[in-house]
Amino acid sequence: MKVVILAGGFGTRLSEETELIPKPMVEIGGKPILWHIMKTYSHFGHNEFVILLGYKGHIIKQFFHNYFLHQSDVTIDLKSNSVQVHSNLSEPWKVTLVDTGQETQTGGRLLRAKKYLKDAPFMFTYGDGVGNMDLASLVQFHKTQGKTLTVTAVQPEGRFGSLNITNSLVTDFIEKPLGDGGWINGGYFICQPEIFQYIHHGDKTVFESDTMVELTRLGQLAAFKHSGFWKPMDTLRDKKILEQLWNTQAAPWKIWP
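Figured I'd write up the structure that's included with this text. (Residues numbered from 1 in each chain as written. Predicted model: local features only at pLDDT ≥ 70, side-chain atom pairs only at ≥ 80, totals over all residues. Heavy atoms only, no water.)

**A word on the pattern of salt bridges**
Logical step 1: All told, the structure shown has 10 salt bridges when counted by the stated rule.
Logical step 2: Taken together, the shared-partner salt bridges in this structure form one network comprising Arg13, Lys23, Asp128 and Asp234. (Salt bridge = Lys/Arg side-chain N within 4 Å of Asp/Glu carboxyl O.)

Set out below in structure tokens:
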């Protein structure tokens, strides 16, 4: 099953990092968060990707164009202009990079990739969030539900620490509690090819507020509940938290060997 990844937004809330690079290229542990997301899919055998570019998309193109060279030991003979590769540590990925425009909305970006998806079900997610999803179970769930779209529902951590207070004494402190118990859109979708019938406004279609809302009204949106780790990288604080988890070898999303 192909994997489509949104990688074209401006990342304005992470402007400290995204002035020069697109948000999916912000690094966690020396690798772009986009790489971490792709490693998760690859762990479950999904190695064919369609990446939807927009803001500074050429940087993502350069990353993948040079990936093989950067991951291998090579000898470069400048006189003969030849390159000898001694080892190959690259990934088993096939990556299609699609320019979808600077201002195109999420649904519009997906529509522009239609010709690369060959009328088959596909996976679809955002290029800025990581988690330890069981993608095999997600695929099986989608098949049993028989709906046009499945979304992975997650419960985000609370923004502030939580105090339990008894008789004016703090009896417990939880630094990162879950939020109010509600489930939200965590990405990691699976789409039937019929999804394109619900992208009505071309580049101006917002997948979340147009397509998903219509499918909800029609009873064609299923929710796969993920109770494990999930975290988007929306702010510099989020980036630092993910970086710390990775550097201390405590990253829950690192499910690959």
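Okay, back to it.
**Concerning helix 7 (residues 207–217)**
Logical step 1: All of the buried residues in helix 7 are Phe207, Thr211, Met212, Glu214 and Leu215. Axial view of helix 7: buried residues confined to an arc of 155 degrees, hence all on one face. Along helix 7, exposed side chains directed more than 90 degrees from the buried face belong to Thr216 and Arg217.
Logical step 2: Tucked inside the fold, the buried residues of helix 7 contact helix 5 (106–112), strand 8 (122–126), strand 10 (149–154), strand 13 (184–185), strand 14 (189–191) and strand 15 (221–226).
Logical step 3: Gly219 occupies a position one or two residues after helix 7 and carries a positive phi of about 70 degrees. (Buried < 20%, exposed > 50% of the residue type's maximum accessible area, 1.4 Å probe, protein only. Helix = DSSP H or I, 4+ residues; strand = E, 2+ residues; numbered from the N terminus. Arc of directions from axis to C-beta. Contact = heavy atoms within 4.5 Å.)

**Here's the deal with unusual backbone geometry**
Logical step 1: A positive phi angle, close to 55 degrees, is found at Asn81, a residue other than glycine.
Logical step 2: Examined against the element boundaries, Asn81 turns out to sit in the loop between strand 5 (74–77) and strand 6 (82–85).
Logical step 3: One non-glycine residue, Asp119, lies in the positive phi region at around 55 degrees.
Logical step 4: Assignment of secondary structure puts Asp119 in the loop between helix 5 and strand 8.

**Considering the pairing of strand 10**
Logical step 1: In terms of residue burial, strand 10 counts as a mostly covered element, since 6 of its 6 residues are buried.
Logical step 2: Residues Leu149, Val151 and Ala153 of strand 10 are buried on one face, and the alternating residues Thr150, Thr152 and Val154, pointing to the opposite face, are buried as well.
Logical step 3: Of the strand pairs in this sheet, strand 10 and strand 14 are connected by 2 bridges, and their pairing is antiparallel. In the strand pairing of strand 14, Thr150 is matched with Ile190.
Logical step 4: Bridging between strand 10 and strand 15 involves 6 bridges; their strand directions are parallel. Within strand 15, the residue paired with Leu149 across the bridge is Leu221.
Logical step 5: Here strand 10 runs beside strand 13; their pairing, made up of 2 bridges, is antiparallel. Its bridge partner being in strand 13, Val154 is matched across the sheet by Ile184. (Pairing = 2+ DSSP bridges.)

**Considering a nonpolar patch on the surface**
Logical step 1: The grouping of Phe68, Leu69, Ile76, Leu78, Val83 and Val85 at the surface amounts to a nonpolar patch, some 570 Å² of accessible area in total.
Logical step 2: When contributions to the nonpolar patch are tallied by element, the ones reaching two or more residues are helix 4 (67–70) and strand 6.
Logical step 3: The topology assignment puts Leu69 in helix 4. (Patch = residues over 30% accessible without salt bridge, like charges linked within 9 Å, V, L, I, M, F, W, Y side chains within 5 Å. Areas by Shrake-Rupley, 256 points an atom, 1.4 Å probe, with all protein chains shown as cover.)

**A closer look at the packing of aromatic side chains**
Logical step 1: Taken as a whole and assessed by the stated rule, the structure comprises 16 aromatic pairs.
Logical step 2: Centre to centre, the rings of Tyr126 and Phe189 are 5.9 Å apart; their planes meet at 70 degrees, and the pair counts as edge-to-face. Within this pair, whereas Tyr126 is found in strand 8, its partner Phe189 is found in strand 14, the two being separated by 63 residues in sequence.
Logical step 3: When its relative accessible area of 19% is taken as the criterion, Tyr126 is described as buried.
Logical step 4: Between Trp246 and Trp256 the ring centres are 6.3 Å apart and the planes differ by 35 degrees, which places this aromatic pair in the tilted class. In this pair, Trp246 is assigned in helix 8 (residues 236–247) and Trp256 in the segment after helix 8, connecting sequence segments 10 residues apart. In terms of burial, Trp246 and Trp256 fall into one category: buried.
Logical step 5: Here the aromatic cluster, defined as three or more aromatic residues joined through ring pairs, consists of Trp35, Phe229, Trp246, Trp253 and Trp256.
Logical step 6: Looking at Lys31, its charged tip hangs above the ring of Trp35, at a distance of 5.4 Å from the centre. (Phe/Tyr/Trp six-rings, centres within 6.5 Å; stacked < 30°, edge-to-face > 60°. Lys NZ or Arg CZ within 6 Å of the ring centre and 35° of its normal.)

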